[in-house]
Amino acid sequence: MEGGKGRVCVTGGTGFIGSWMIKKLLEDGYSVNATVRSSSNPEHKKDVSFLTNLAGASQKLEIMKADLRNPESFKEAIEGCIGVFHVATPVDFEEREAEEACLSVKSVKRVIYTSSASAVTMNGKEEQVMDESFWSDEEYLRTSKKFGWSYAISKTLTEKAVLEFGDKNGLQVVTVIPTFVLGPFICPKLPGSVRSSLSLAFGEKERFGYIHETPMVHVDDVARAHIFLLEHPNPKGSSVKEVKGLKLPDLSSKKLIDAGFKFEYGLEQMFVDAIECCKQKGYYL
Ligand SMILES: NC(=O)c1ccc[n+]([C@@H]2O[C@H](COP(=O)([O-])OP(=O)(O)OC[C@H]3O[C@@H](n4cnc5c(N)ncnc54)[C@H](OP(=O)(O)O)[C@@H]3O)[C@@H](O)[C@H]2O)c1
């Protein structure tokens, strides 16, 4: 019998959000199976010491290899878990991905899938605020070729497939729809969204056009929202889904807030934490 709050799986443990979630879950008393993919060069082993050195990791963290190109590879990591946080994102769209493995492991009560505002807001509509009832439009994206269009198609099709798969197979699936994620990070790589958000500080003016009118969220709130939605008794209907710049609509968090979630960080804190973290890690600002 697992002690603490039980065992959960986090896919994409080496990533920005995945690694922050692992830290948070260990602090919250969960045991964690984290999946990482093998290095493309078998001679270069991935350094996961930033995960294994986390407080509590020696007793409560298992690291396992799994790749989205092989859904079966997730089975071992999902075995015995009460919840699965599917955070990893593939470069290409992979139908059904790791959800198939969740189905065959009976201990899994709920899958929390990390979607993206890109799956919601890129449809050419004029609304100032959108929520999870909107979908990005594949045709619109293919013709307009807006910045990030292929990623947006991949996230849209994947979220639809994940929700449909859950419905068809009686698997509880909840999706979280973060906007641009900013804040501190423990992963060794400078996360793409942090780099873009701090583009002015990094002296990369051209990148600023992509983010200067983009809604943002603190990475800690993203991690907390994922855990909140695992623990919520009934999260159904609670999904959160320039230079001449790109104006993105705001993304409404009404359902998450109505379900009782409280955001803790404002825009200023996102920047302060991200800048402090970059300084500590030696990124030149
Ligand atoms: N950051 C944002 O602003 C933002 C906003 C909205 C939504 N999201 C979503 O949040 C999730 C995490 O994003 P992130 O910013 O943390 O990205 P990230 O740092 O690039 O992390 C992505 C993770 O996915 C893993 N991955 C990629 N291809 C894989 C494959 N074929 N098999 C297994 N794992 C694979 C990566 O592994 P490697 O380390 O081996 O590459 C990495 O651990 C994604 O689903 C993304 O769409 C992010």
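What counts as what
Residues numbered from 1 in each chain as written. Predicted model: local features only at pLDDT ≥ 70, side-chain atom pairs only at ≥ 80, totals over all residues. Heavy atoms only, no water. UniProt positions renumbered as here; feature names shortened; annotations may be inferred. Axes fitted to C-alpha atoms, helices over the stretch in contact; angles between N-to-C directions. Helix = DSSP H or I, 4+ residues; strand = E, 2+ residues; numbered from the N terminus. Left-handed = near helix turned anticlockwise from the far one by under 90°. Contact = heavy atoms within 4.5 Å. Buried < 20%, exposed > 50% of the residue type's maximum accessible area, 1.4 Å probe, protein only. Pairing = 2+ DSSP bridges.

Under the annotation held in an unreviewed UniProt entry, the protein chain carries the name Vestitone reductase-like isoform X2 and is attributed to Senna tora. Its UniProt record gives the protein chain a comment under Sequence similarities (unreviewed entry), which states: "Belongs to the NAD(P)-dependent epimerase/dehydratase family. Dihydroflavonol-4-reductase subfamily."

Side note on the packing of helix 1 (residues 16–27) against helix 10 (residues 219–231)
Where helix 1 contacts helix 10, the axes come no closer than 9 Å and their chain directions differ by 65°. Note on packing geometry: the crossing formed by helix 1 with helix 10 is right-handed. Contact with helix 1, carried on its side by Phe16, Ile17, Trp20, Met21, Lys24 and Leu25, involves Val219, Asp220, Val222, Ala223, Arg224, His226 and Ile227 of helix 10 and no other residues of that element.

Re the pairing of strand 5 (residues 110–114)
Regular strands show a simple pattern: their side chains alternate between the two faces of the sheet. Most of strand 5 sits out of view: 5 of its 5 residues are buried. Taken together, the 4 bridges between strand 4 (residues 83–86) and strand 5 define a ladder with parallel strand orientation. Along strand 5, the bridge assignment pairs His86 with Tyr113. Alignment of strand 5 against strand 7 (residues 173–176), held across 4 bridges, turns out to be parallel. When the bridges of strand 7 are listed, Ile112 appears paired with Val174.

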